[in-house]
Amino acid sequence: DYRLPPSIMNRQRVLVPLISFVAILLLCGVFCVEGRRCVENHEIELFLREQIDLAQFNTTFDLQTKTTTHAINNVDWSIIIFQKGCAPSYANVLISRDFPNGRISTFDPSTLTVQDIEWRWWDYPRWETTTHKGWTAPPAGEWFGKLLPHQKSHSNVFMVPHPASCYKTMIATGLMMALDQGKLSLQENADVNVTVWTDGGGRFIWKGNLQSALDYMLWVSDNSATTSCINKLHQADILPNKLYETLSTELGLHT
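Here's a quick rundown of the structure. (Residues numbered from 1 in each chain as written. Predicted model: local features only at pLDDT ≥ 70, side-chain atom pairs only at ≥ 80, totals over all residues. Heavy atoms only, no water.)

### Digging into the overall build of the protein
Part 1 of the reasoning: A count of helical and extended segments in the protein gives nine helices and eleven strands.
Part 2 of the reasoning: Classification of the 255 residues of the protein by burial places 38% in the buried group.
Part 3 of the reasoning: Of the contacts formed within the protein by residues at least 6 apart in sequence, a portion of 59% connects residues at least 24 apart.
Part 4 of the reasoning: On the protein, roughly 15,200 Å² of surface is accessible, and the fraction owed to carbon and sulfur atoms is 57%. (Helix = DSSP H or I, 4+ residues; strand = E, 2+ residues; numbered from the N terminus. Buried < 20%, exposed > 50% of the residue type's maximum accessible area, 1.4 Å probe, protein only. Contact = heavy atoms within 4.5 Å. Areas by Shrake-Rupley, 256 points an atom, 1.4 Å probe, with all protein chains shown as cover.)

Here it is, written out as structure tokens:
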């Protein structure tokens, strides 16, 4: 019963990634039904490449600046399917200015880590540049260098997207668990007015129901809406350690 607000639904360029997300659900619906054949990795790779063309990541609309992004986004896009009676199937595609059409990753079969890529810390000066020279220049300092010090240098470089807001996907997962268990309702009040930091800064104010808070946490990455959602998780007694335990044991997601 989850719906996007009209203000977001009316933005065509924001709808395209939504269509991609729905298509991923359809992919799982086709292959994850009991009795169907096991889906193979190359089929997921082909599917991801098709969705990249559909998503048009180089014309992503920013709801806050009301403009499209000046360059293609850095996207680390993965799908893993746990199909009954089959070994897990998976694929990963990296998208950036270096790989505008998507780079299909290769995996180490023993560890399932992505090979043939040099992972780098998120480099704000590099991202903000609009020139090819600025983008291809060496890292500005040690802080922006290799993410994994022991990895070998490689001609394929990928600047890992800043992980902070990835936490919001786990919060959304916890909220869906609470909704399934009947502990919360999308229509219930989710007002919050708190000061997060003791120095008086970090004031987060949100007014609205849980539906709207969840919408804006996921679509605008709104931190006040996120604070509201975290507050609701605590009310439902779904705390981070319990949520992690559920994800790791019941779903087999250990990272």
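### Describing the side chain of glutamate 43
Part 1 of the reasoning: Assignment of secondary structure puts glutamate 43 in helix H3 (residues 41-55).
Part 2 of the reasoning: Classification of glutamate 43 as buried rests on a relative accessible area of 19%.

### Here we look at H3
Three- or four-residue spacings in an α-helix give side chains the same orientation, since the helix completes a turn every 3.6 residues.
Part 1 of the reasoning: Between the first and last C-alpha of H3 there are 21 Å, a value that for 15 residues agrees with the 21 Å anticipated at 1.5 Å per step.
Part 2 of the reasoning: Considered for burial, the residues of H3 that qualify are Glu43, Ile44, Phe47, Leu48, Gln51, Ile52 and Ala55.
Part 3 of the reasoning: With its phi angle positive at about 55 degrees, glutamine 56 sits one or two positions after the end of H3. (Expected span 1.5 Å × (residues − 1).)

### Some thoughts on unusual backbone geometry
Part 1 of the reasoning: Positive phi is not limited to glycine here, since serine 221 has a value of about 55 degrees.
Part 2 of the reasoning: Looking at the element boundaries, serine 221 is found in the loop between helix H7 (210-219) and helix H8 (223-235).
Part 3 of the reasoning: Here the phi dihedral of aspartate 237 falls at roughly 60 degrees; this positive angle occurs in a residue that is not glycine.
Part 4 of the reasoning: Among the secondary structure elements, aspartate 237 is positioned in the loop between H8 and helix H9 (240-249).
Part 5 of the reasoning: Classification of aspartate 237 by relative accessible area gives partly exposed; the value is 42%.

### What to know about H8
Part 1 of the reasoning: Between its first and last C-alpha, H8 extends 18 Å over 13 residues, near the 18 Å set by a 1.5 Å rise per residue.
Part 2 of the reasoning: At the N-terminal end of H8, a side-chain oxygen is found 2.9 Å from the backbone nitrogen of serine 224, two or three residues along, and the residue is aspartate 222.
Part 3 of the reasoning: Immediately downstream of H8, the backbone of aspartate 237 shows phi near 60 degrees, a positive value. (Polar contact = N/O pair within 3.5 Å; in protein donor to acceptor, adjacent residues only side chain to side chain.)

### With respect to the pattern of salt bridges
Part 1 of the reasoning: Here the structure, examined in full by the defined rule, presents three salt bridges.
Part 2 of the reasoning: With a shortest N-O distance of 2.6 Å, arginine 37 and glutamate 43 are connected by a salt bridge.
Part 3 of the reasoning: The partner of lysine 232 in a salt bridge is glutamate 188, and the shortest N-O contact between them spans 2.7 Å. Here lysine 232 is found in helix H8, whereas its partner glutamate 188 is found in the loop between helix H6 (167-180) and strand S10 (192-195), with 44 residues between them in sequence.
Part 4 of the reasoning: Judged by relative accessible area, lysine 232 falls into the buried class, the value being 5%. (Salt bridge = Lys/Arg side-chain N within 4 Å of Asp/Glu carboxyl O.)

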